[in-house]
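Chain by chain, the residues:
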Amino acid sequence: MSDLLLSIFGTLLIYYLVKALYRRTGQLWLMPLIMCPVVIVAVLMFLRIPYTDYATGGFFLQWLLGPATVAFAVPLYRQRHLVRRYLPELGFGSLVAAVTAMATTMTVIRLFGADPLYILSLAPRSITTPLAMNISTMLGGNMTITAVFVIVTGVLGMLLTVTIIRFLNINNPLLKGLLFGFSAHGTGTAKAYEDSEKVGVIASVAMIFIGIMTALTAPFLIPFLLSLLTR
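We now turn to the structure provided with this report. The numbers attached to residues start from 1 for each chain and follow its sequence in the written order. Owing to the predicted nature of the model, reporting of local features is limited to residues with pLDDT of at least 70; listing and counting of side-chain atom pairs is limited to 80 or more, with chain, interface and lining totals taken over all residues. Calculation of side-chain values draws on the structure's entire complement of heavy atoms; hydrogens and water are dropped beforehand.

**Re a nonpolar patch on the surface**
Thinking step 1. Think of a patch as exposed residues, more than 30% relative accessible area, with no salt bridge, where like charges cluster within 9 Å and nonpolar side chains (Val, Leu, Ile, Met, Phe, Trp, Tyr) cluster within 5 Å. A 1.4 Å probe and the Shrake-Rupley method give the accessible areas. Residues count as covered only by the protein chains that appear here. Salt bridge, as used here: a side-chain nitrogen of Lys or Arg that lies within 4 Å of a carboxyl oxygen of Asp or Glu. Together, Leu5, Phe9, Leu12, Tyr15 and Tyr16 make up a nonpolar patch on the protein surface, roughly 500 Å² of accessible area in all.
Thinking step 2. The numbering of helices and of strands both runs from the N terminus, where a helix is a DSSP run of H or I of at least 4 residues and a strand a run of E of at least 2. Within the element layout of this structure, Leu12 appears in helix H1 (residues 2-25).
Thinking step 3. The class for Leu12 is partly exposed, based on a relative accessible area of 34%. Summary of the burial criterion: residues with accessible area below 20% of their type's maximum are buried, those above 50% are exposed, and those between are partly exposed, where the area comes from a 1.4 Å probe applied to protein chains only.

See below:
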């Protein structure tokens, strides 16, 4: 029980400290998604705490991803007026983004000669972690590998989106929100809210839509693409 409580409260403490530091400095490399894993690993190594001991609480926090998936319905309901207004753009854009992300990921991974397990694990990497892990597990992938690459995708996608928006001087809230939501899921949505509430709302809805489209198409598209790539 002590290991469970220590790992849970220790993780939460590190998260809130890093989050406060990020809000104060605004440095991208201090974002909790980037810095928290680094700090946690450093603390475990310094205190020589076995990962199995830490994981007793870590698995509980991971379990919370399930309710978090259901909670996506809340912002979708609250912003239903935006969904109705931009439904064609969201529907078509999310479908194209989902199919493109899965197809390009699987093709690139296969070109490197990766095992089918890695292809299945990385195929849903472009959506938010709870949905990606569920899809990966359902298709026979490794959800740990999926989670790692979802985080990597989110961080790199957010950095690239910020760069593109600044370089092209994009000011349209709809376009900015779609870019953040489609390319960087939760990480991009968090960054979008720093721009404005409207951009953040559109990004969160876009993130939900691409997640829904991926969940609907993945059970059919991923096995089909895998059969073509492994011939």
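That shown, we press on.
**Here we look at the packing of helix H10 (residues 143-168) against helix H11 (residues 173-195)**
Thinking step 1. Note on definitions: angles span 0 to 180 degrees between N-to-C directions of axes, and those axes are lines fitted to C-alpha atoms, for helices only across the stretch in contact. Their axes nearest at 8 Å, the elements H10 and H11 cross at an angle of 135°. On the basis of the axis angle, H10 is oblique to H11. You can see that H10 and H11 cross each other, and the crossing is left-handed. Taken together, the residues of H11 that come into contact with H10 (itself represented by Val150, Thr153, Gly154, Val155, Gly157, Met158, Thr161, Val162 and Ile165) are Lys176, Leu179, Phe180, Ser183, Ala184, His185, Thr187, Gly188 and Lys191.
Thinking step 2. Residue polarity is assigned by list, with Asp, Glu, Lys and Arg as charged and Ala, Val, Leu, Ile, Met, Phe, Trp, Tyr, Cys and Pro as nonpolar; anything else, Gly included, falls into the polar class. Across the contact of H10 with H11, the residue classes break down as eight nonpolar, eight polar and two charged. Roughly parallel means an angle under 35 degrees; roughly antiparallel, over 145; roughly perpendicular, 65 to 115; everything else is oblique. By definition, any crossing whose near helix is turned counterclockwise from its far helix by less than a right angle is left-handed, and any crossing with a clockwise turn is right-handed. We call two residues contacting when some pair of their heavy atoms lies within 4.5 Å.

**Overview of unusual backbone geometry**
Thinking step 1. Positive phi, normally seen in glycine, also occurs at Arg48, with a value near 55°.
Thinking step 2. Examined against the element boundaries, Arg48 turns out to sit in the loop between helix H2 (32-47) and helix H3 (51-63).
Thinking step 3. Accessibility expressed as a relative area gives 77% for Arg48, which makes it exposed.
Thinking step 4. Non-glycine residue His185 carries a positive phi angle of around 35°.
Thinking step 5. On the basis of relative accessibility, which here comes to 4%, the residue His185 falls in the buried class.

**Describing the pattern of salt bridges**
Thinking step 1. Evaluation of the coordinates by the stated rule reveals two salt bridges.
Thinking step 2. Two residues, Lys176 and Asp195, come together in a salt bridge whose shortest N-O distance is 2.6 Å.
Thinking step 3. Looking at Lys176, the relative accessible area reads 8%, which means it is buried.

**Topic: the nonpolar core**
Thinking step 1. Among buried residues, the Ala, Val, Leu, Ile, Met, Phe, Trp, Tyr and Cys ones that are joined through side-chain atoms within 4.5 Å form a nonpolar core. Judged by nonpolar contacts, the single largest core of 36 residues is most densely connected at Leu90, Met106, Leu178 and Ile222.
Thinking step 2. Going through the elements one at a time, helix H6 (80-85), helix H7 (87-111), helix H8 (116-122), helix H9 (129-139), H10, H11 and helix H12 (197-229) are the ones with two or more residues in this core.
Thinking step 3. Other than its neighbours up to four places away in sequence, Met106 contacts Ile119, Ala123, Ile222, Leu225, Leu226 and Leu229.

**Some points on H12**
Since one α-helical turn is 3.6 residues long, residues separated by three or four positions face the same way.
Thinking step 1. Here H12 is 33 residues long, yet its end C-alpha atoms lie only 42 Å apart, well below the 48 Å a rise of 1.5 Å per residue gives.
Thinking step 2. Each residue is assigned a bend, namely the angle between axes fitted to the seven residues that terminate at it and the seven residues that start at it. Remark: the principal bend of H12, roughly 60°, maps to Ala218, with a proline, Pro219, within the next four residues. By this rule, a helix spans an expected 1.5 Å times one less than how many residues it contains.

**Quick notes on the packing of H9 against H12**
The description of two helices packed together rests on the angle between their axes and the distance between the axes.
Thinking step 1. Running from N to C, H9 and H12 cross one another at 20°; their axes reach a closest spacing of 11 Å. With respect to their mutual orientation, H9 and H12 come out roughly parallel. For the pair H9 and H12, the sense of crossing is right-handed. Between H9 and H12, the residues in contact are Leu131, Ile135, Met138 and Leu139 and Gly211, Thr214, Ala215, Ala218, Pro219, Ile222 and Pro223, respectively.
Thinking step 2. Of the residues belonging to the contact of H9 with H12, the class tally is nine nonpolar, two polar and no charged.

Function cannot be read off these values alone, since they describe shape.
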